[in-house]
Amino acid sequence: MDTGSYTLRMPVATRGVSWRLPDDTDPRATLPCVVLADRTGMGEFTGLQRGLRTLGVPSVRIDAGSVAALTRHEDGSLTIDGRRILPTVTWVRHFAFQTGQGAHALFRAESWVALVDQVTALSSVRIPDGLDPGRLAQLDGAAKAGIRVPRTIVTTDPGSASFPSRKVVVKALNRHFVEAEPGLLEGVFPEIGDRTAFHSRDVPMIVQEYVEHTAELRVYHVNGEIRAFQVDKPSPAAIWRDEDSVTVTPVAVPSDVAEAVTRLADLWGLRYGAFDFLLTTDGPVFLEVNPDGDWRWFESKAGVDDISMATLAMVRSLHRETTRIDLTGFLLLGGPGRPPALDTRVLGPLDLRIGGAPVHIGARKSRLLAAILLSNPNEVVPTDHLIDSLWSGRPPATARKNLQVYVSELRKRLGDRISYEGWGYRLDAQRDELDLLRFRDLAAAGREMRRRGAGDAALTLLDRALNLWRGRPLAEFAGVPLVDDAVGRMTELYLTLNEDWAELQIERGRFVDVLNRLDGLAAFFPARERLIAARMTALAGCGRAPEALAQFEAVRIRLSADLGIDPSPVLKQLYTSILMGKPATRPRNTSG
């Protein structure tokens, strides 16, 4: 009973790179853009692109057979057919180049697939984003998660299966088709039958017990949203061979199925996945999940567009989230423009300006209130905490009324951006109005560029963030708990950025620059091991190994005396390397 082979011709469609951009797009600007990569004939991304354009989200769709000119730049941006973009969300489905004939054609196909895979891996948001476990790993993971699965073996002899029931399902171990020639798919359908009817084969196949069931479900998980279809078909091959015999009906998702899908999506880190389940009298049975699973065919059979709308909402949301922090555009900003109407600074002494002119606030409590709200921007600070901070825990009976007066005075100077939320006050600010917000954004963008491997771009962004630091933040208010907590968070980020910056400079052999920046910090933070590791590496790189070894000894004594612990194994290893005269390299992260 080996009748499951089939041949399928892919739909013919126009190939090429497809852009869907807002009408007012500047062709000279680097554009934050959704990147969709698939192959000609697939309908999912066609509809998704149309929807994204309607919502004002730029997108480009790359066809697997038609990429002519593509460059990935060091800053993580891409130039595709002459237009430069910054990928925000990258989604790859069924992206396989046609190999053609000969070694060069194979090399070309593998190189393009590798580029797209690696660009996707380095993107801020990528789909598929989690694991893509094979079918055996899926079944094993589901079983360990307490979800029922069919009994399964892998064998070249399906007839040898020894399940209690003679009825079995035989299917491919991996994907069930190959592209024998451009546009022509050949593969093997899943088959159901008596195990004795199956012959031995020269390829390993999955053989499963046949599970009696009341319904078969195709369940889609889209960024936490779950939708289900009941699929009724006379045989597994009917979807390909006899579409008219297949019925697809939208159904409510059973609670136990929804729980299983959520558990498995979390297990494998999937934003999107097409799950197959059987419903039985003893509960759901998991069959498999496809992170590339199609949805348009099922929607068209059911007469709905639920999955299309869910994927559209997911991509739009991810694009918007990414553009808030994925700010490579910082590198492309031109010269200074008009000063913002409000310019406030807390990364040093409190400094407030309107239209470039200083704003004088004489009363200390008013200045302290401004410092607290500005160091917690866009967050509600509870009224009770403000009162405790303004009056050092000994408020007068009129404290609430006095606080309202101070808020009113600040509003006169800063504009109507301080709101009362019922239990506290919030100061709303944009990134161009407050140095702390610019600092956080630049820090996030710089660290993201480093994660992507764009070291020079990361250094530029980190430099810009660090240059915003003007000394100890809000020193005049030291000892006020709300201020100290905020300053502690600022200082931690500042130190982390210095460590990131130093490690990138060490990779480039700029040891003197590292010492110039870290010497002062090391004196104030003598037990911060990652900082000390970078300074020791730079000292050794400058030929000052004895000083590096002395630095380690000072840290060891300090940690022992203050905390009763030894230096980390990483710092000890660095000490040993310097002692043995090994060349200075990037220090390993000692933070955990």
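Residues numbered from 1 in each chain as written. Predicted model: local features only at pLDDT ≥ 70, side-chain atom pairs only at ≥ 80, totals over all residues. Heavy atoms only, no water.

Okay, the overall build of the protein next. Scanning the protein for helices and strands turns up 17 helices and 25 strands. Looking at the protein as a whole, 48% of its 592 residues are labelled buried. In the protein, once contacts between residues fewer than 6 apart in sequence are set aside, the share between residues at least 24 apart is 69%. (Helix = DSSP H or I, 4+ residues; strand = E, 2+ residues; numbered from the N terminus. Buried < 20%, exposed > 50% of the residue type's maximum accessible area, 1.4 Å probe, protein only. Contact = heavy atoms within 4.5 Å.)

Turning next to the side chain of Ser18. Within the secondary structure, Ser18 sits in strand 2 (residues 18-20). At 3.2 Å, the side chain of Ser18 and the side chain of Arg20 are in polar contact. Here Ser18 is in contact with Gln49, Ser59, Val60 and Arg61, once residues within four sequence places are set aside. (Polar contact = N/O pair within 3.5 Å; in protein donor to acceptor, adjacent residues only side chain to side chain.)

Looking now at the sheet that holds strand 21 (residues 351-354). In spatial order, the strands read 20-21-22; together these three strands make up an open sheet with antiparallel pairing. Edge positions in the sheet fall to strand 20 (342-345) and strand 22 (357-358), since each has one partner strand and no second. As paired strands, strand 20 and strand 21 are joined by four bridges and run antiparallel to one another. Bridging from a neighbouring strand, Thr344 pairs with Leu352 of strand 21. (Pairing = 2+ DSSP bridges.)

In this section: the sheet that holds strand 13 (residues 191-194). The four strands lie next to each other as 9-14-10-13, forming an open sheet whose pairing is antiparallel. The open sheet has two free edges, formed respectively by strand 9 (152-155) and strand 13, since each of these has just one partner strand. Within this sheet the neighbouring strands show an average axis-to-axis angle of 30°, counted without direction. Where strand 10 (residues 167-172) and strand 14 (residues 205-209) come together, five bridges link them in antiparallel fashion. The residue of strand 14 that forms the bridge with Lys171 is Ile206. Together, strand 9, strand 10 and strand 14 form the strand contacts of helix 3 (residues 135-144), whose direction differs from that of strand 9 by roughly 160°. (Axes fitted to C-alpha atoms, helices over the stretch in contact; angles between N-to-C directions.)

A few words now on helix 8 (residues 364-374). Among the eleven residues in helix 8, nine count as buried, and that is most of the element. Of all the positions in helix 8, only Ser366, Arg367, Leu368, Leu369, Ala370, Ala371, Ile372, Leu373 and Leu374 are classed as buried.

Time to look at the pattern of salt bridges. Under the criterion given, the structure shown has 40 salt bridges. The shortest N-O distance in the salt bridge between Glu409 and Arg413 comes to 3.3 Å. Here the residue Glu409 and the residue Arg413 both occupy positions in helix 10 (residues 399-414), the gap between them amounting to four residues, near one helical turn. With a relative accessible area of 34%, Arg413 lands in the partly exposed category. (Salt bridge = Lys/Arg side-chain N within 4 Å of Asp/Glu carboxyl O.)

Turning to the confidence of the model for the protein, a few remarks are in order. As a general rule, the predicted coordinates of low-pLDDT regions are not to be interpreted in detail. Averaged over the protein, the pLDDT score is 84; the fraction of residues at 70 or greater is 86%. Predicted confidence for residues 325-340 stays below pLDDT 50, and this span has 29 contacts to residues more than four positions away or in other chains. (pLDDT = per-residue confidence, 0-100.)

What follows concerns the pairing of strand 14. With five of five residues buried, strand 14 lies mostly within the body of the structure. The side-chain alternation of strand 14 yields two buried faces, one formed by Met205, Val207 and Glu209 and the other by Ile206 and Gln208. Two elements, strand 9 and strand 14, share four bridges in a ladder whose sense is antiparallel. Bridging across to strand 14, Ile153 finds its partner in Val207.

For the rest of this paragraph, the subject is helix 17 (residues 569-579). Quick reminder: α-helices carry 3.6 residues per turn. Residues three or four places apart thus point the same way. Taken together, the buried positions of helix 17 are Val570, Leu571, Leu574, Ser577 and Ile578. What you see down the axis of helix 17 is that its buried residues fit within an arc of 120°, all on one side. Counted as exposed and oriented over 90 degrees from the buried face of helix 17: Pro569 and Leu579. (Arc of directions from axis to C-beta.)

Another point: the packing of aromatic side chains. Each aromatic ring pair is described using two quantities: the centre-to-centre distance and the angle formed by the ring planes. Per the counting criterion, the structure on display carries 17 aromatic pairs. Note on Trp297 and Phe298: the rings are 5.1 Å apart at their centroids and 85° apart in plane angle, and the pair reads as edge-to-face. Look at Phe298 and you get buried, because its relative accessible area is 8%. A connected cluster of aromatic rings, assembled from ring pairs, spans Phe45, Trp91, Tyr220, Phe229, Tyr272, Trp295, Trp297 and Phe298. Over the ring of Tyr210 we find Lys167, and its NZ or CZ is 4.0 Å from the ring centre. Across from the ring centre of Trp501, 4.2 Å away, lies the NZ or CZ of Arg517, which sits over that ring. (Phe/Tyr/Trp six-rings, centres within 6.5 Å; stacked < 30°, edge-to-face > 60°. Lys NZ or Arg CZ within 6 Å of the ring centre and 35° of its normal.)

Turning our eyes to something else, we now look at the nonpolar core. Formed by 82 residues in total, the largest nonpolar core has its most connected members in Leu350 and Leu369. The biggest single contributor to this core is helix 13 (residues 481-507), with twelve residues. Beyond its immediate sequence surroundings of up to four residues, Leu350 is in contact with Arg345, Arg367, Ala370, Ala371, Leu374, Leu474, Glu476 and Phe477. Residues Phe45, Leu48, Ala274 and Trp295 belong to the second largest nonpolar core, which totals 29 residues. (Core = buried A, V, L, I, M, F, W, Y, C linked by side-chain atoms within 4.5 Å.)

Turning our eyes to something else, we now look at the packing of helix 13 against helix 15 (residues 529-541). It is the contact of helix 13 with helix 15, at a shortest axis distance of 9 Å, that shows an interaxial angle of 25°. Classified by the angle between their axes, helix 13 and helix 15 sit roughly parallel to one another. The chirality of how helix 13 crosses helix 15 is left-handed. Contacts from Thr496, Glu499, Asp500, Ala502, Glu503 and Ile506 in helix 13 reach Arg530, Leu531, Ala534, Thr537 and Ala538 in helix 15. Looking at the contact of helix 13 with helix 15, its residues break down into five nonpolar, two polar and four charged. (Parallel < 35°, antiparallel > 145°, perpendicular 65-115°, else oblique. Left-handed = near helix turned anticlockwise from the far one by under 90°. Nonpolar A, V, L, I, M, F, W, Y, C, P; charged D, E, K, R; others polar.)

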